[in-house]
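Descriptive analysis of the structure
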Amino acid sequence: MIYDPDDLEPLMGEAASVETKSLAKTLVSAVPGLGLVIIATACAYALATLLHLPSVIVALIVGMALHPLLTRISVIGPGVFFAADPLMRIGVACLGAGVNAALLLTLGWPIFATLSLAISATILCGLVVGKWLGQSRRFSVLSAGAVAICGASAALAISCALPKTDEENGDVSVVIVAVSLLSAAGILLYPLLTSALALSDASAGFVLGGSLHNVAQAIAAGFSVSDPAGEMATLVKMSRVAMLAPIVMLVALTFRRTGESEGGARRLALPPIFLLGFLALMGASSANLIPQSVETGLGYVSKACLLLAMTAIGLRTPIMDMVRLDRRAIVLLLLETVTILLVVLIAVQFIPI
């Protein structure tokens, strides 16, 4: 049978109308839960600012405190999911605007080779030691990636690329709390270590940027030593952030090739589309196509989306999951942290900086 294209136009229009209505219905259904997440996040941010605590930890705790609402008020479910998944992907994609590859290339290949070695060693440590400690492959990859790349942001990005499981929110929560606390401790201890080792400003900046977990803490620790150390720590840390894209892609491809994750989780259906956004913005930033005001705005959008996602993840995580925390998971995160620190400390003795 031959169809006249004119006969198909009404059908195509009707299909588009149904799709639009479905999208509108989905967005409307997300309003109550998203409103709750926004209010809770604003309160968490204000509290974190007042108490001088990491906002991601406070947002997570506030979210977990509100978890009973999610089990009793079903109408907030869609909005919480929207904040914990699509908004998180938008936040990760916007991170790319802050990475200027052209500027990072000025560091030279020895530093990039060292950072690649440090990241690889940390991930290998996570996989090998994680298996020995009885941790799931999913948790091992998540924790190692967070320690190796950029802390909480990397944990959120990698979780987007992993297959969904019942334990995913608990895993992400544990990793984010642990790396945030370790990074907060590092901002105090690591500068003392570089001073004790009598490292130059540039070398100290390399160690701090190459080993501390979260971006803000790595930069702050660098500038606590000196301005040159802070500038070096910023460049080195952003070089690690630039490696987020290949690591997430590798994780996504590895888990898709294996078909299903442990526990019979569903197959990863789609590639991490948000990663293309990250790469596109990184490319535009490297080519100086993004005005400074837009880059700053995208930075705020990224931070806001990721903080909203943290609150939403907390809402989806029963607080008892944290109470029943497996001490072996903390041991794994500590060993991963020591691994990346040792690699950069050894390497700084040999590479020209």
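All of these numbers come straight from a predicted model, not from anything done at the bench. (Residues numbered from 1 in each chain as written. Predicted model: local features only at pLDDT ≥ 70, side-chain atom pairs only at ≥ 80, totals over all residues. Heavy atoms only, no water.)

**Description of the overall build of the chain**
From N to C terminus, the chain includes 18 helices and zero strands. Counting the 353 residues in the chain, one finds 49% classified as buried. A sequence separation of at least 24 residues applies to 82% of the contacts in the chain between residues at least 6 apart. Working note: accessible area of the chain is about 16,900 Å², and carbon and sulfur atoms make up 70% of it. (Helix = DSSP H or I, 4+ residues; strand = E, 2+ residues; numbered from the N terminus. Buried < 20%, exposed > 50% of the residue type's maximum accessible area, 1.4 Å probe, protein only. Contact = heavy atoms within 4.5 Å. Areas by Shrake-Rupley, 256 points an atom, 1.4 Å probe, with all protein chains shown as cover.)

**Structural notes on the pattern of salt bridges**
Following the criterion strictly, the structure yields two salt bridges and no others. A salt bridge links aspartate 85 to arginine 89, with the nearest nitrogen and oxygen atoms 2.6 Å apart. Note that aspartate 171 and arginine 138 form a salt bridge whose closest N and O atoms lie 3.7 Å from each other. Here the residue aspartate 171 occupies a position in helix α10 (residues 168-196), and arginine 138 occupies one in helix α8 (residues 137-148), the gap between them amounting to 33 residues. Taking the relative accessible area as the measure of exposure, aspartate 171 reaches 14% and is therefore buried. (Salt bridge = Lys/Arg side-chain N within 4 Å of Asp/Glu carboxyl O.)

**Quick notes on the environment of glycine 33**
Mapping glycine 33 onto the fold places it in helix α1 (residues 5-51). Overall, the relative accessible area of 0% leaves glycine 33 in the buried class. Look past the residues within four positions of glycine 33 in its chain and what remains in contact with it is Val75, Ile76, Gly79 and Val80.

**Quick notes on the environment of valine 177**
Inspection of the secondary structure puts valine 177 in helix α10. With 25 residues separating them along the chain, valine 177 and alanine 152 place their C-alpha atoms 8.2 Å apart.

**Comments concerning helix α13 (residues 227-242)**
The end-to-end C-alpha separation of α13 is 23 Å, in line with the 22 Å expected for 16 residues at 1.5 Å each. Among the residues of α13, Ala229, Gly230, Met232, Ala233, Val236, Lys237, Met238, Ser239, Arg240, Val241 and Ala242 are the ones counted as buried. By the N-cap criterion, in which a side-chain oxygen at the helix start approaches the backbone nitrogen of a residue two or three places on, α13 is capped by serine 226, the distance to alanine 229 being 3.2 Å. (Expected span 1.5 Å × (residues − 1). Polar contact = N/O pair within 3.5 Å; in protein donor to acceptor, adjacent residues only side chain to side chain.)

**Examining a nonpolar patch on the surface**
A contiguous nonpolar patch, built from Leu47, Leu50, Leu51 and Leu53 and spanning about 390 Å² of accessible area, is present on the exposed surface. Position of leucine 51 relative to the elements: it lies in helix α1. A relative accessible area of 46% places leucine 51 in the partly exposed class. (Patch = residues over 30% accessible without salt bridge, like charges linked within 9 Å, V, L, I, M, F, W, Y side chains within 5 Å.)

**Things to note about the confidence of the model for the chain**
For the chain, mean pLDDT is 83; residues scoring 70 or higher make up 85% of the total. Across residues 1-5, confidence stays below pLDDT 50; counting only partners more than four residues off in sequence or on other chains, it has one contact. Scored below 50 in pLDDT, residues 260-270 makes 20 contacts in the model with residues more than four places away or belonging to other chains. (pLDDT = per-residue confidence, 0-100.)

**As for the nonpolar core**
Counting 96 residues, the largest nonpolar core has Ile149 and Phe206 as its most contacted members. Not counting chain neighbours up to four residues away, the residues in contact with isoleucine 149 comprise Ile119, Ala154, His213, Lys237, Arg240, Val241, Met243, Leu244 and Ile247. Grouped together as the second largest cluster of nonpolar side chains are five residues, Cys94, Ala97, Ile290 and Leu298 included. (Core = buried A, V, L, I, M, F, W, Y, C linked by side-chain atoms within 4.5 Å.)

**Re the packing of helix α5 (residues 86-94) against helix α15 (residues 273-286)**
Here α5 crosses α15 at 25°, and the two axes come no closer than 7 Å. It follows from the interaxial angle that α5 and α15 lie roughly parallel. Seen along the crossing, α5 lies across α15 with a hand that is right-handed. Across the interface between the two elements, Arg89, Val92, Ala93 and Cys94 of α5 pack against Phe274, Gly277, Phe278 and Leu281 of α15. Of the residues assigned to the contact of α5 with α15, the class counts are six nonpolar, one polar and one charged. (Axes fitted to C-alpha atoms, helices over the stretch in contact; angles between N-to-C directions. Parallel < 35°, antiparallel > 145°, perpendicular 65-115°, else oblique. Left-handed = near helix turned anticlockwise from the far one by under 90°. Nonpolar A, V, L, I, M, F, W, Y, C, P; charged D, E, K, R; others polar.)

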